[in-house]
Amino acid sequence: MAVLPRRIIKETQRLMQEPVPGISAVPDDSNARYFHVIVTGPEDSPFEGGLFKLELFLPEDYPMSAPKVRFITKIYHPNIDRLGRICLDILKDKWSPALQIRTVLLSIQALLSAPNPDDPLANDVAELWKVNEIEAIRNAKEWTRRYAMDN
Amino acid sequence: MGNCFKRSTTDDISLLRGSDSVREPSSDPVGPPSYQEALSVQSSPPIYHPSPSLTQSATQLSEEEQIRIAKRIGLIQHLPTGKYDGSKKIRECVICMGDFMVGDALRYLPCMHTYHMTCIDGWLMRRLTCPSCIEPVDAALLTSYETN
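First, a word on what this report is: a plain description of the structure on this page. Fair warning: this is a prediction, and the values are worked out from it, not measured in the lab.

All names here are of chain A. For the structure on display, the rule yields seven aromatic pairs over all chains. For the pair Phe47 and Phe52, a centre-to-centre distance of 6.0 Å together with 80° between the ring planes defines the contact as edge-to-face. Under the relative-accessibility criterion, Phe47 is labelled buried at 0%. The buried category is assigned to Phe52, whose relative accessible area is 0%.

In structure tokens form, the structure reads like this:
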């Protein structure tokens, strides 16, 4: 494997030394560009109490292109589809090399606190979120309990 | 936010597959001159980035794209450069996260943010914005032309 860029080494060290509250990101033993991530569901959100597994991969030209991030744990959220793909501007056209793994994961955590059904990735979820938010939140809590607890 | 549906092709589900770049062996020895030589971004074969998530080798580019890249190189080269003399408040390049060392080649953007020349040039070829403040570099350049 090619030499790991200094930036990736630094980011990894800083993530280990000063972890983000509610987020753990650990590089894979065999691939330092692949991170096993766990995000705790934010308080006062339907995801509270859940532990959500994600995978994060730093592509070859990182930080010139954004990390690739995906939820592994099933989650009921208008901006996350059934394959775990996330609709988040900084992962697409708003990426900047001044952003980091840390800021990406914080943004994902914030997305859990503030679902945006007007910019959906999971259309059926977004639709329900708009027409019957109470039921959508009930579903999100149920999915959190079923898929993101005690695993 | 937005554009998520349009971008689905670059969003491959298998993250471990690594780079989704399309790399072709440099079988064509008479491709257009590489901007990397001028900007010392990467070594050969010539690889271009029409957009941040898109990677193409020189041989795949249309004439229109080549012209666009040439214009982009010209614009980037209008941005002031200098060598780090150790006196500035800024110490770290946010792109490579390396400390500036005395003698390092720097580039100054119109918004006053400073980066290693090799680091920022690689980004500006992909997108003409300052990584730190997202200020469009070309608009700021035009403004500075008008006011000077």
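Time to look at the nonpolar core. Of all hydrophobic cores here, the largest spans 63 residues; its most connected members are Val37, Leu54, Phe71, Ile86 and Ile108 of chain A together with Leu124 of chain B. Among the elements that make up this core, the one with the highest residue count is helix H2 (residues 101–113) of chain A (six residues). What Phe71 of chain A contacts, discounting residues up to four positions off in sequence, is Phe52, Lys53, Leu54, Ile80, Leu83, Gly84, Ile86, Ile108 and Leu112 of chain A.

Below, the discussion takes up the sheet that holds strand S3 (residues 81–83) of chain B. Residue and element names in this part refer to chain B. Reading across the sheet, the three strands line up as S3-S4-S5 and stay open at both edges, with antiparallel pairing between neighbours. Only two strands of the sheet have a single partner each, and these edge strands are S3 and strand S5 (114–116). Across the sheet, the mean angle from the axis of one strand to that of its neighbour is 35°, orientation sign disregarded. Both strand S4 (residues 105–108) and S5 contribute to a ladder of three bridges, which runs antiparallel. The partner of Arg107 across the bridge, within S5, is Tyr115. Lying on the sheet, helix H3 (residues 117–124) is in contact with S3, S4 and S5; it crosses S5 at an angle near 100°.

Basis of the calculations
- Residues numbered from 1 in each chain as written.
- Chains lettered and ligands numbered in written order.
- Predicted model: local features only at pLDDT ≥ 70, side-chain atom pairs only at ≥ 80, totals over all residues.
- Heavy atoms only, no water.
- Phe/Tyr/Trp six-rings, centres within 6.5 Å; stacked < 30°, edge-to-face > 60°.
- Buried < 20%, exposed > 50% of the residue type's maximum accessible area, 1.4 Å probe, protein only.
- Core = buried A, V, L, I, M, F, W, Y, C linked by side-chain atoms within 4.5 Å.
- Helix = DSSP H or I, 4+ residues; strand = E, 2+ residues; numbered from the N terminus.
- Contact = heavy atoms within 4.5 Å.
- Pairing = 2+ DSSP bridges.
- Axes fitted to C-alpha atoms, helices over the stretch in contact; angles between N-to-C directions.

Note that every value here comes from positions in space, so none of it alone points to a role or purpose.
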